[in-house]
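Summary of the model geometry
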Amino acid sequence: MASSVERLGRAMAQPQCLSVSLERIQSTQCTEQTRHMSVKAIFWPVVVEDSAAAPSAAEEARCTLSHLEIMEEKLHPIEEQLQYLLSKADEFQTRLMCSQDRLQCEGLACVVPTFLHTCQPYFTYLESTARNSSPERTPLPLYIRARLLEFSQQLCSRLEQLLITYASFGYLSLSEENPLCISHFYIGQCQVDNLRLSIFRYCLPAPFLTSSDRGLYKRMRWNVEREGDTEEGGGRQEEKKNRRMEGTLEADSKEREGKYEGRLEGEQNNHTEYYFLCCGDFPVLDGEGEAVRETRAEGRAVLRMWSIGQWVQTYPDPDTEDIYEWVLCTVPQGQYKKIVSLGEEEPSSCTATDCLLGVLLSQAGLSSKA
């Protein structure tokens, strides 16, 4: 541990780390979004008088570069933490590859889950800072948001590679049939309006239903909580308080009924839905279309397509009042309800989350108008 920290300290002490980032930004000349976003309005609100002369192109370029330098400076401590976590992942993998002692490797495999847990607060910080939105919160500059999500993607890919490597040596299991498996890991949480997302990444495509392999494989999972309006609940609590002050049996009876109704309403207003990024292999049939022609030309017999869908429970019935159905059910059964198709190319975890949020917010907008 000490050697790792010392190496990290020496690396951070080199001033070229920041200059390299800036040179890369200058060489790419920034993206269109970065060039056009109003960074000045975010950091330094300026009132421009009518008589003021418009800045030249050279002045605008210098100003944009200056703002990028400031944003890179703010991002530097966050990137340092990323580099530390990446270096620890490299250390875990290097020690596994170089060690001939099986007991030592088994000890390292026992520490890997702890390391995953250590990364969770960093994932939460990145995703929540980049994505959280509320009416009173000022949106982040697009450049900073993109960089934070880039950090999240880098760490996610590295941890995925680390787990696959340990599994290939037989020290970890990625199969959900094994109760001790590490088939997936947490990569952040965010809240957009009334939607709270917890995000998980599967190391390898896993069968959607563990009990059967039907050609559908899950790659990511989102636990989506929809938070309901609490104003009505607050009014009900005040009404209960007034009834309690009356001290009558009738009021006590109504209060018990109100508590039961309030609990049911809370369960309805605050519930969790499960969404998945999945892929499925479909046979290439005779027909037209660029994708079909390319697949046949490459000699492939199947076409892998990606989509996002929702878990819909079929047994036990989610609305059943028969408790025996739940007690006697060993594994709940469900179906995959596709809500959006993504094509042949597998999306990154950040892109897939953006896509799901877009669909959910669009659905919420349509339901509110209705």
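Keep in mind that this is a model prediction, so the values were computed, not measured. (Residues numbered from 1 in each chain as written. Predicted model: local features only at pLDDT ≥ 70, side-chain atom pairs only at ≥ 80, totals over all residues. Heavy atoms only, no water.)

**Topic: the overall build of the protein chain**
For the protein chain, the helix and strand inventory stands at 12 helices and six strands. Looking at the protein chain residue by residue over its 370 residues, the buried ones come to 35%. For the protein chain, the proportion of contacts with a sequence separation of at least 24, taken over those separated by at least 6, is 68%. Total accessible area computed for the protein chain in this model is approximately 22,400 Å², and 54% of it derives from carbon and sulfur atoms. (Helix = DSSP H or I, 4+ residues; strand = E, 2+ residues; numbered from the N terminus. Buried < 20%, exposed > 50% of the residue type's maximum accessible area, 1.4 Å probe, protein only. Contact = heavy atoms within 4.5 Å. Areas by Shrake-Rupley, 256 points an atom, 1.4 Å probe, with all protein chains shown as cover.)

**Concerning the confidence of the model for the protein chain**
Mean pLDDT over the protein chain works out to 75, with 66% of the residues at or above the 70 mark. Within the model, the stretch residues 1-55 combines pLDDT values under 50 with 42 contacts to residues more than four positions away or in other chains. Per-residue pLDDT stays below 50 along residues 229-268; that stretch engages in 11 contacts with residues further than four places along the chain or on separate chains. (pLDDT = per-residue confidence, 0-100.)

**Concerning a nonpolar patch on the surface**
Taken together, the side chains of Ile-323, Tyr-324, Val-327 and Leu-328 make up a nonpolar region of the molecular surface, amounting to roughly 500 Å² of accessible area. With respect to the helices, strands and loops of the structure, Tyr-324 is situated in helix 11 (residues 323-328). On the basis of relative accessibility, which here comes to 58%, the residue Tyr-324 falls in the exposed class. (Patch = residues over 30% accessible without salt bridge, like charges linked within 9 Å, V, L, I, M, F, W, Y side chains within 5 Å. Salt bridge = Lys/Arg side-chain N within 4 Å of Asp/Glu carboxyl O.)

**Some thoughts on the environment of Cys-329**
In this structure, Cys-329 sits in the loop between helix 11 and strand 6 (333-343). Taking C-alpha positions, Cys-329 is 8.2 Å from Tyr-315, a pair spaced 14 residues apart along the chain. Those residues within four positions of Cys-329 in sequence are excluded, and the remaining contacts are Tyr-315 and Pro-316.

**Quick notes on helix 7 (residues 142-168)**
Taking 1.5 Å per residue, 27 residues should reach 39 Å; helix 7 reaches 39 Å between its end C-alpha atoms and fits that length. Just downstream of helix 7 lies Gly-170, where phi reads positive at about 85 degrees. (Expected span 1.5 Å × (residues − 1).)

**Remarks on the sheet that holds strand 4 (residues 271-283)**
Spatially, the six strands line up as an open sheet ordered 1-2-3-4-5-6, and their pairing is antiparallel. A strand with exactly one partner marks an edge of an open sheet, and here the two such strands are strand 1 (184-192) and strand 6. Ignoring strand direction, the axes of neighbouring strands in this sheet form an average angle of 30 degrees. Here helix 6 (residues 102-131) sits on the sheet and contacts strand 1 and strand 2 (195-209); the angle it forms with strand 1, its principal contact strand, is near 30 degrees. Here helix 7 sits on the sheet and contacts strand 1, strand 2 and strand 3 (212-226); the angle it forms with strand 2, its principal contact strand, is near 35 degrees. (Pairing = 2+ DSSP bridges. Axes fitted to C-alpha atoms, helices over the stretch in contact; angles between N-to-C directions.)

**Topic: unusual backbone geometry**
Located in the positive-phi region is Asp-193, a residue other than glycine, with phi close to 55 degrees. Take Asp-193: it is sitting in the loop between strand 1 and strand 2. Residue classification places Asp-193 among the partly exposed residues on the basis of a relative accessible area of 46%.

**Regarding the pattern of salt bridges**
This model, assessed by the stated rule, comprises 18 salt bridges. Put simply, Asp-90 and Arg-158 hold a salt bridge, and the shortest N to O gap is 2.7 Å. With a gap of 68 residues between them, Asp-90 in helix 5 (residues 57-98) and Arg-158 in helix 7 connect regions that are remote in the sequence. Here Arg-196 makes a salt bridge to Glu-227, at a shortest N to O gap of 3.4 Å. Linking Arg-196 in strand 2 with Glu-227 in the loop between strand 3 and helix 8 (231-246), this pair joins segments that are 31 residues apart in sequence. Assessed through its relative accessible area of 31%, Glu-227 is described here as partly exposed.

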